[in-house]
Amino acid sequence: MLRIISLLMLVASPMAAESLIATRVIRAQTLLTANDVTLVAAEISGALADPSEALGLEARVTLYPGRAIRAGDLGPPALIDRNQIVTLIYRVGGLDITTEGRALGRGGLGDAMQVMNVSSRMVLVGRVARDGSVHVGSIP
């Protein structure tokens, strides 16, 4: 009987949650590696729980040792830097218009970002494509 009660208490006890923390100071715009993060046996509100969710992503803010790493602190690696000249692409139906633009911020794959058309000086919003171009207008 005592064994059954002990077994039930063991099964009924909650599993210790784990949270992802930084092991060193990680500056913004740095790609995270396995040496940068570790799991601790504590449930920290909003913290990631799996290192694979963070590895290979870029820190959007400075991360400090012992502090929780949250999903909003990370993003895809930047393909475009501020002031970089990029290709702007507008596609609708069979029409393709391509021109040069200047990035007004940094952006990774799929990020919405502002770009200035170099010819017209008009500021547009587009999405960063895998090849580093920015697609403006209706995006498929």
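Just above, that's the structure.
Summarised in this report is the structure supplied together with it. (Residues numbered from 1 in each chain as written. Predicted model: local features only at pLDDT ≥ 70, side-chain atom pairs only at ≥ 80, totals over all residues. Heavy atoms only, no water.)

As a further point, take the overall build of the chain. Each helix and strand counted, the chain has one helix and 11 strands in total. In sequence order, the chain lays out its α and β elements as α-β-β-β-β-β-β-β-β-β-β-β. For the chain, buried positions account for 29% of its 140 residues. For the chain, restricting intrachain contacts to residue pairs at least 6 apart in sequence, the fraction spanning at least 24 positions comes to 43%. A total accessible area of about 9,000 Å² is found for the chain, and carbon and sulfur atoms account for 57% of it. (Helix = DSSP H or I, 4+ residues; strand = E, 2+ residues; numbered from the N terminus. Buried < 20%, exposed > 50% of the residue type's maximum accessible area, 1.4 Å probe, protein only. Contact = heavy atoms within 4.5 Å. Areas by Shrake-Rupley, 256 points an atom, 1.4 Å probe, with all protein chains shown as cover.)

Throughout the structure, instances matching the rule amount to six salt bridges. A salt bridge links Asp81 to Arg106; the shortest N-O distance between them is 3.1 Å. Taken together, the residues span a long stretch of sequence, with Asp81 in the loop between strand E5 (78–80) and strand E6 (85–92) and Arg106 in the loop between strand E7 (95–103) and strand E8 (107–108) at a distance of 25 residues. Overall, the relative accessible area of 40% leaves Asp81 in the partly exposed class. Residue class for Arg106 comes out partly exposed when judged on its relative accessible area of 29%. Close ionic contact of Arg91 with Asp96 constitutes a salt bridge, the shortest N to O distance being 3.2 Å. (Salt bridge = Lys/Arg side-chain N within 4 Å of Asp/Glu carboxyl O.)

What follows deals with the environment of Val61. With respect to the helices and strands, Val61 occurs in the loop between strand E3 (58–59) and strand E4 (74–75). For Val61, a relative accessible area of 37% gives the class partly exposed. Between the C-alpha atoms of Val61 and Thr30, which are 31 residues apart in sequence, the distance is 9.2 Å.

Pairing is mixed around the closed barrel formed by five strands, whose spatial order is E6-E7-E9-E10-E11. Neighbouring strand axes in the sheet, compared pairwise and without regard to direction, differ in orientation by 50° on average. Bridge count between E7 and strand E9 (residues 112–117): three bridges; the pairing is antiparallel. Note that in E9 the partner of Ala103 across the bridge is Val115. (Pairing = 2+ DSSP bridges. Axes fitted to C-alpha atoms, helices over the stretch in contact; angles between N-to-C directions.)

On to the nonpolar core, then. If you look at the biggest cluster of nonpolar residues, it comprises 11 residues: Leu20, Ala22, Ile26, Leu32, Val37, Leu48, Ala54, Ala59, Leu63, Ile69 and Leu74. Residues within four places of Ile26 in sequence aside, it is in contact with Leu32, Asp36, Ala59, Val61, Thr62 and Leu63. In this structure, Val86, Met113, Val115 and Val128 belong to the second largest nonpolar core, which totals nine residues. (Core = buried A, V, L, I, M, F, W, Y, C linked by side-chain atoms within 4.5 Å.)

Moving on, we get to a nonpolar patch on the surface. Side chains of Tyr90, Val92, Leu95 and Ile97 sit close together on the surface and give an oily, nonpolar patch of about 320 Å² of accessible area. Counting residues per element, the ones that place at least two in the nonpolar patch are E6 and E7. With respect to the helices and strands, Leu95 occurs in strand E7. (Patch = residues over 30% accessible without salt bridge, like charges linked within 9 Å, V, L, I, M, F, W, Y side chains within 5 Å.)

Turning our eyes to something else, we now look at the side chain of Asp73. Considering the arrangement of structural elements, one finds Asp73 in the loop between E3 and E4. Despite its burial, Asp73 remains without a salt bridge, the nearest opposite charge being carried by Arg70 at 5.2 Å. When near neighbours in sequence (up to four residues on either side) are disregarded, Asp73 contacts Glu58, Ala59, Arg60, Val61, Leu63 and Ala68. (Lys, Arg positive; Asp, Glu negative; His and termini not counted.)

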